Amino acid sequence: MADHGVVFGRTAPTVAVQDIDRALGFYCDLLGMEKSFENGDPVGFVILSRDNAEIHLTRSPDHVGTTANVLHLIVSDATILFEHLQAGGARIIKGLRDEEYGLRDFVVADPDGNRIDVGQKIS
C-alpha cells in the first residue's frame, strides 16, 4: 500500500500471560512500567506504559511462551537496562551484543517465557 497520507500512531502489542500479578512483577517492578488501566474480575487485561512504550497484557491461563520474540523494545541505553534486568534475576535469553545492523541488543524473557528483544541504536 502506498503512503496515501496516512500517518501511523503508536503500537501496543498484546502479550499473553498466565498470571497477571506475576507478570506485573516483571513489567512494573523490573521494567519500570506503570499500569494505566485494568479490566475484569479477576483482572484479565492490563495496559502498561513507560515513556513512549505501551504493552497490553491479557490473561490466558493456558499460555506457553515460545522461542519467538513477542515484541521489540527500543531503549536509550541497552547496557544499563541489561545490567538492571540481570541484577534483578530476569531470565536473559541472548546476552548483550553489538550487531552489524546498528543495534546493541539482547533478549530477555518474562516469567511466562515471552521473549522481548531489547535494542539501542548505535549507528
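Our subject is the structure listed above.
These numbers come from a predicted model, not from an experiment. (Residues numbered from 1 in each chain as written. Predicted model: local features only at pLDDT ≥ 70, side-chain atom pairs only at ≥ 80, totals over all residues. Heavy atoms only, no water.)

## Overview of the overall build of the protein
Looking only at helices and strands, the protein features two helices and eight strands. Starting at the N terminus, the α and β elements of the protein follow one another as β-α-β-β-β-β-α-β-β-β. Rg of the C-alpha trace for the protein: 15 Å, near the compact-globule value of 14 Å for 123 residues, within the 12% margin. Its C-alpha atoms give the protein principal-axis dimensions of roughly 45 × 45 × 25 Å. (Helix = DSSP H or I, 4+ residues; strand = E, 2+ residues; numbered from the N terminus. Rg over C-alpha atoms; globule rule 2.2 N^0.38 Å.)

## Some words on the sheet that holds strand 6 (residues 91-98)
The strand order across the open sheet formed by four strands is 5-8-7-6, and the pairing between neighbours is mixed. Bordering the open sheet on either side are strand 5 (69-74) and strand 6, each of which pairs with just one other strand. The sheet shows a mean angle of 15 degrees between the axes of neighbouring strands, direction not considered. Relative to strand 7 (residues 103-109), strand 6 is paired through five bridges, and the arrangement is antiparallel. Pairing of R97 across the sheet is with D105, part of strand 7. Across the face of the sheet, helix 2 (residues 78-87) comes into contact with strand 6, strand 7 and strand 8 (115-121) while running at roughly 20 degrees to strand 7. (Pairing = 2+ DSSP bridges. Axes fitted to C-alpha atoms, helices over the stretch in contact; angles between N-to-C directions. Contact = heavy atoms within 4.5 Å.)

## Quick word on the sheet that holds strand 1 (residues 14-17)
With respect to topology, four strands assemble into an open sheet ordered 1-4-3-2, the strand pairing being mixed. Two strands in the sheet have a free side with no partner beyond their single neighbour: strand 1 and strand 2 (34-39). Going from strand to strand, the sheet's axes swing by 25 degrees on average, the running direction of each strand aside. Where strand 1 lies against strand 4 (residues 53-59), four bridges are found, and the strand directions are parallel. Considered in strand 4, the bridge of V15 is made with L57.

## Brief notes about the layout of surface pockets
Looking at the largest pocket, its volume works out to about 380 Å³. Surrounding the largest pocket, 15 residues form its lining, R50, D51, V75, S76 and L81 being those nearest its centre. Those elements giving two or more residues to the lining of the largest pocket turn out to be strand 5 and helix 2. Counting residues per element, the lining of the largest pocket draws most heavily on helix 2, which supplies three residues. Looking at side-chain class alone, the lining of the largest pocket contains nine nonpolar, three polar and three charged residues. Each pocket or cavity is described by its volume, and for the second largest pocket that value is around 170 Å³. Looking at the second largest pocket, the residues that line it are T11, P13, N52, A53, E54, I55, L71, H72, L73 and I74. Mapped onto the lining of the second largest pocket, the elements with two or more residues apiece are strand 4 and strand 5. (1 Å grid on protein atoms, 1.4 Å probe; cavity = no way out; pocket = protein on both sides within 12 Å on 5 of 7 lines; lining within 4 Å. Points joined across faces, edges and corners; volume = space filled by probe spheres on them. Nonpolar A, V, L, I, M, F, W, Y, C, P; charged D, E, K, R; others polar.)

## Some details on the nonpolar core
Grouped together as the largest cluster of nonpolar side chains are 27 residues, with contacts concentrated most on Y27 and L57. Broken down by secondary-structure element, the contributors of at least two residues to this core are strand 1, helix 1 (20-30), strand 3 (45-50), strand 4, strand 5, helix 2, strand 7 and strand 8. Broken down by element, this core gets its largest block of residues, seven residues, from helix 1. If sequence neighbours within four positions are ignored, L57 has contacts with V15, V17, I20, A23, L24, Y27, G44, F45, V46 and L48. (Core = buried A, V, L, I, M, F, W, Y, C linked by side-chain atoms within 4.5 Å. Buried < 20%, exposed > 50% of the residue type's maximum accessible area, 1.4 Å probe, protein only.)

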